[in-house]
Amino acid sequence: MDQKIESSDLSTGKNVRTKTSSVLIFFVNGKKVIDANPDPECTLLTYLRDKLFLCGTKLGCGEGGCGACTVMISRIDRNTNEIRHLAVNACLTPVCAMHGYAVTTVEGIGSTRTRLHPVQERIAKAHGSQCGFCTPGIVMSMYALLRSSPQPTMKDLEIAFQGNLCRCTGYRPILEGYKTFTKEFSCAMGDKCCKVNGNGDGNGNSCNDNSSNNVDDKLFEKSKFLPFDPSQEPIFPPELQLNTEFDSNSIVFKSPRVTWYRPVELEELLQIKAQNPNAKLVVGNTEVGVEVKFKHLLYPVLINPSKVKQLNEIKEHEDSIYFGASVSLMDIQNYLQDLITKLPEYQTRFFKCAVEMLHYFAGKQIRNVASLGGNIMTGSPISDMNPILTAGTVKMLVAGMVDGQLKTRYVHMGSGFFTGYRKNIIAPHEVLIGIYFPKTLPNQYVIAFKQARRRDDDIAIVNSAINVFFKPNTNIVDQIFMAFGGMAPTTILAPRTSEMMIKQNWDHVLVERVTESLCAELPLEPSAPGGMIAYRRSLVVSLFYKSYLVISQKLVSAGIIPYDSISDEECSGAETFHTPILKSAQLFERVSSEQSICDPIGRPKVHAAAMKQATGEAMYCDDIPRMENELYLALVLSTKAHAKILSIDATEALAMDGVQAFYSSKDLTEYENEVGPVFHDETVFAANVVYCQGQVLGAIVASNQSLAQRAARSVHVIYEDISPLIVTIEHAIEHKSYFPNYPRFVEKGDIGTAFKDAEHIFEGSCRMGGQEHFYLETHACVAIPRDSDEIELFCSTQHPSEVQKLVSHVLSIPAHRVVCRSKRLGGGFGGKESRSISVALPCALACYRLRRPVRCMLDRDEDMMITGTRHPFLFKYKLGFTSEGLITACYIECYNNAGWSMDLSFSVLERAMYHFENCYKIPNIKVGGWVCKTNLPSNTAFRGFGGPQGMFAGEHIIRDVARITGKDLLDIMRMNFYKSGDITHYNQKLENFPIQRCFDECLKQANFYMKRKEIEDFNKNNRWRKRGIAVVPTKYGIAFGVMHLNQGGALINIYGDGSVLLSHGGVEIGQGLNTKMIQCAARALGIPTELIHISETATDKVPNTSPTAASVGSDINGMAVLDACQKLNERLKPIKEALPKADWKEWINKAYFDRISLSATGFYSMPDIGYDPINNPNARMYNYYTNGVGISVVEIDCLTGDHQVLSTDIVMDIGSSINPAIDIGQIEGAYMQGYGLFTLEELIYSPQGTLYSRGPGMYKLPGFADIPAEFNVSLLTGAPNPRAVYSSKAVGEPPLFIGSAAFFAIKDAIAAARAEKGFSTNFELHAPATSARIRMACRDKFTNLIDEPHADSFTPWNIVP
Ligand SMILES: Cc1cc2nc3c(=O)[nH]c(=O)nc-3n(C[C@H](O)[C@H](O)[C@H](O)COP(=O)(O)OP(=O)(O)OC[C@H]3O[C@@H](n4cnc5c(N)ncnc54)[C@H](O)[C@@H]3O)c2cc1C
Ligand code: FES
Ligand code: FES
């Protein structure tokens, strides 16, 4: 492509000397902020939290990927005088860019002390806040939406939340709560609408009453919601509106390291750029911000062009639309969207393509600020816009100042624009001024596709854009440009193939030639960065084929080719998924009409801290106000996976001004340095040898975070590599790298005889990856020195007692001098059970030695690198079964990848060994377990704790039997289900085993048989789309595997005013434990919940606590609470009898004056448990089981591997629920986490043990758009559990495995695709079922074109641990 130099009318001829300011002025929540020395390196988030003490806005990732930091910025558009309100990520927004803007944070819209904003109230009351760490961000996304669109549509909601993640709720309750603001919710009946007045479906879905006598479906009461009145919102600060100097003045802010310019004239901008060719333009800062934070790049000159007219205007020309390079992607999207409705269809084909692509470009917060210029200039090989612009060969205007003269030129995207990885032909002194989007011609079609790991807010794996011109009124190709991303260091064209297509008919014959040619023209080295080589290559072909089908359909519509040119079945290949509008029903047992209205048990009470969480007033560890002499700690981490430490040199770091100390293993005795949750096989700081990347080598303590982190990076470590380096389970097996005492076996019956007698024998295997916890709040700790030999820690931990114990060990002081407190956690999921020590112990040491408060909150990348994951597992099994499908024998080997230290891996393995048979009775079993020792960070507890991994094997086994016997899977399941009275392979008798009932109710609820028939029909009629359905039962044993942990404690203090302070041993990690404990105490004491408060969990209130884990938080602590209440009731009994008419306050008053103790401890020890095959074979392994069944229907795109869950139905037996809203929240949240585990979430490691997936950019949790289109949950009624508090059952972990229903439904759909083409339905699909695995399992003519190199012939870019 020629890059023409032309003149343009850019020069304004103006004198570039404008007025310059150097004081930052902006408004936050209506208050003016003036800063004479703003730091250009400071983000808005840091400024809000550290300088303005507004800690409601949270840090979840620092890279724009989670939305926890969302705030609203408002600014005036001087051209239209309109005020614009935008949700943005404060973590990427430079505070300097806020000059003249108004910022609104969650604190600015409402508070529990004044009045909640309806946006805050509704998320809280709809049960949309569990741990609450994501809540302020979600609140602000919704608030910003309402400020620009007071009655949004459900589609607007979908877009508003594209950039927000929640790890707890499963999203359904958030959407249900916020649906009440939408057009779709409002009804012509107004206040009389049954959805509002309470007669309709509790969740506002329909006006049908689907509740019955003993079943309730109303989790919250919409009629009591505060009305939303848009006219009551705060106004834009008049000063900003009236004083135009905020926009017309140039700005210069200087710090010792960085200068920030905000020119207002083009010449000024170009002059600065000419003088500083390496300067970065900062528009959205969504690239630069990430580079600075995570690649630690320093850009001494930053230029913000937001006020330079030419870069910010939009102009319509006859044949194109001009977008200034700094126009935000959202503005481009909106402008084009509007134009599409106005211009003739044929002219808008390029625009449509861009709009559709922009929908999937990042999240709304990013699109609100990120610019097209930034996307082009970054030149990422997986940029989403560059393929479209390249295929469109768009024209761009570039300008630069040469010898004081403004020079402009036009350049074109297309061949030759990108000159290398992130390089292009625009010179360093030049600036991209604008881009021209072409109007298309009648015979021109433009189609683009993007395939990512997750549909919303994800970067592409491969994307494509095709721009084809036909000879008028024919299907003969006149000219074609095909651009692809993700296939080379730059966006690339396929010129050879394009050349070959010219003058050819657009038909099936051409497709064959093109696909073969593309395969040859776009090869990938087997070890190319990004991995997934075969998948990426097949995507090129598949995306071309999709484009072919779409364009063919258009040619059919235009009457150019006959309607039967493509068959109906083939057409399914042209489709893409769109987020459906959620439908849901949540059913639970209605409390008896005889139950006192004050008795809260069984009622859907709102999470006790939900309101505070929604207003940002709830404090998490890092929200604790900073102390005057506080220091910040940064960890020095190993960059080698297995190496000898030759030296550690902190001289350079210690020389930095403000750095106080460096600690390493040399600062502790060998004994003090050795720590671990059970076995002390870890170190606080690595000594002599490192065993994984991310292992803590030392800690720097400095006056602030950025200094501490910079200093930590300048600690020099010299290593000497050690062999072998073991990363995967397979490596461990090869090297026999197991922890001592493994393998272990559990046996029942006689497998030898059973295999001999078996009619069928089958050997199989299955494999699943790990999972990152991704609690939204990373590990954090604040350590404070008290008296000379005392220390207090505020710690984000699920196990305060363990932190206390290990701090006492490391500091060599008794435990009674150490207090550990945890008020609430922004999620834990097991990841903060034993791994909190990585942060807490160095903080404690530094604090104790320096006698100063020390704080550390890990950055997301550090947290992901250091703290381990769920255990990857490999299972190999041999089955014996009858021709009818009755399983008679199983030998199974279970291997988990433990990482370098034992942590809790033995218990995780054991639970997998005890759960692998799931709900199926296998009379003869031998199960062996191996804990594999590898050079990865130590893997640890994660919701389910090995149970889901074990049951994953069980569900493979049952499906193998059904497949081989050719029987209906449901019949095989029924035939093999355990029944009440059956005994497991660890000798536990199953009492009241309800699986058959859950199964039948779930089949009915899901309309299973009808759905299965519909799926069969659908699959017959669609070649490239297949649907699958799966039923998955679960049986989860409730108790800690380690006996002594099955104890709980509580302390109740009643004060003179009748208020009750409850403490117990559990930690509120979002699961609603405190709410349930308050409900239990309220019933036991016979008082309203409002009188009871839980402040925190602390080791000086309740000692020797167990971790909040194993789902038993409510069971063990609830019973302890009841014990304490009972003691108090007994003491109060005589007073109540003497004063029957008095009220609670009067009784308490009397008791006080009668000198009766109003403080009581409670204790509980779980009875009858402690199974040990040798020493205690008759005891129970588990106190009881929580069971359930889930059914998911999934549709897959066989060409891309994309999928959508169409429906999920769950029936769970959780006894008599203490709080159905919380329990349903746990079920839905667990399902979504399980869904993530089995389908989306993939940890990516290099063969050297480097974790590549270190943030939300690469590690994809399910987002709002991933929830099942229909999501129904029922709690089994009439099933009280005699073995736990108020007949309830544990719920936190058991439903997680049901998420695998999506995996097995996907496998079912793939099997349908394979069967249709005659491929075997016995195929391996490792979890997670990523788009790559799905696509490659759906074998077809396109995948057959891709030759896979032999595994030993190259070193892959990544490996599966
Ligand atoms: C969470 C997240 C999700 C993302 N998702 C996607 C995605 O889905 N698809 C995708 O393609 N990208 C994605 N990105 C990348 C990024 O958002 C885009 O590249 C964006 O368009 C960059 O624009 P910006 O204004 O923020 O750039 P900035 O960070 O402000 O600037 C980026 C670079 O462009 C240069 N630059 C900017 N304007 C000019 C100009 N006029 N002339 C010369 N140089 C200029 C700057 O000097 C700098 O080097 C994502 C980023 C994040 C953080
Ligand atoms: S913290 Fe800003 S998006 Fe995650
Ligand atoms: S409530 Fe959303 S992350 Fe916890």
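Above this text is the structure in question.
Counting from 1, residues in each chain are numbered in the order their sequence is written. Ligands are numbered from 1 and chains lettered from A, in the order in which they are written. Totals for whole chains, interfaces and linings use all residues, but because this is a predicted model, local features are given only for residues with pLDDT of at least 70 and pairs of side-chain atoms are given and counted only at 80 or more. Excluded from the side-chain calculations are hydrogens and water; all other atoms, namely the structure's heavy atoms, are used.

### Regarding the sheet that holds strand E39 (residues 887-899)
Two strands in a sheet stick together by hydrogen bonds in their backbones, pointing the same way (parallel) or opposite ways (antiparallel). Taken in spatial order, the 5 strands make up an open sheet running E32-E40-E39-E38-E33, and their pairing is mixed. Either end of the sheet is taken by a strand with one partner, and the two such strands are strand E32 (744-748) and strand E33 (760-768). The average undirected angle you get between the axes of adjacent strands in this sheet is 10 degrees. Two strands pair under a simple rule: DSSP has to find at least two bridges between them. Helix numbering and strand numbering both begin at the N terminus, where a helix is a DSSP run of H or I of at least 4 residues and a strand a DSSP run of E of at least 2. Bridge count between E33 and strand E38 (residues 873-881): 9 bridges; the pairing is antiparallel. Bridge pairing links Glu 763 to Lys 878 in E38. Should any heavy atoms of two residues lie within 4.5 Å, those residues are counted as being in contact. Here an angle of 0 to 180 degrees is reported between the N-to-C directions of two axes, which are lines fitted to C-alpha atoms, with helices fitted over the stretch in contact. Helix-sheet contacts for helix H30 (residues 905-915) involve E32, E38, E39 and strand E40 (924-933), and the interaxial angle to E40 is about 155 degrees.

### Comments concerning helix H3 (residues 135-148)
Here the expected span of a helix is defined as 1.5 Å times the quantity of residues minus one. With 14 residues, H3 extends 20 Å from end C-alpha to end C-alpha; this agrees with the ideal 20 Å at 1.5 Å per step. Within H3, 13 of the 14 residues are buried, which leaves the element mostly enclosed by the surrounding structure. The buried label applies to any residue whose accessible area, calculated with a 1.4 Å probe on protein chains only, is under 20% of its type's maximum; exposed applies above 50%, and partly exposed to all values in between.

### Side note on the packing of helix H31 (residues 947-965) against helix H32 (residues 969-976)
Interhelical geometry of H31 versus H32 gives an angle of 120 degrees and a closest axis separation of 9 Å. The orientation of H31 with respect to H32, classified from their angle, is oblique. In this structure, the crossing between H31 and H32 has a hand that is right-handed. Judged by residue contacts, Glu 955, Ile 958, Arg 959, Val 961, Ala 962 and Thr 965 of H31 engage Leu 969, Ile 972, Met 973 and Asn 976 from H32. Roughly parallel here means an angle under 35 degrees, roughly antiparallel means over 145, roughly perpendicular means 65 to 115, and every remaining angle is called oblique. Crossing handedness follows the turn of the near helix against the far one: under a right angle anticlockwise gives a left-handed crossing, and clockwise gives a right-handed one.

### Quick word on the environment of Gly 1255
Positionally, Gly 1255 belongs in the loop between helix H38 (1220-1240) and strand E49 (1270-1275). Of the residues examined, Gly 1255 reaches a relative accessible area of 4% and is grouped as buried. Separated by 1129 residues in the primary sequence, Gly 1255 and Ala 126 place their C-alpha atoms 29 Å from one another. Apart from residues lying up to four places away in sequence, Gly 1255 is in contact with Glu 63, Phe 774, Arg 860 and Met 864.

### Here's the deal with the packing of H38 against helix H39 (residues 1300-1316)
Between H38 and H39, the shortest axis-to-axis distance is 7 Å and the interhelical angle comes to 40 degrees. As far as their axial angle goes, H39 and H38 are oblique. From H38, Tyr 1231, Tyr 1235, Phe 1238 and Thr 1239 reach across to H39, where they touch Ser 1300, Ala 1302, Phe 1303 and Ile 1306. Amino acids are sorted into nonpolar (Ala, Val, Leu, Ile, Met, Phe, Trp, Tyr, Cys and Pro), charged (Asp, Glu, Lys and Arg) and polar (every other residue, Gly among them). Counted by class, the contact of H38 with H39 contains 6 nonpolar, 2 polar and no charged residues.

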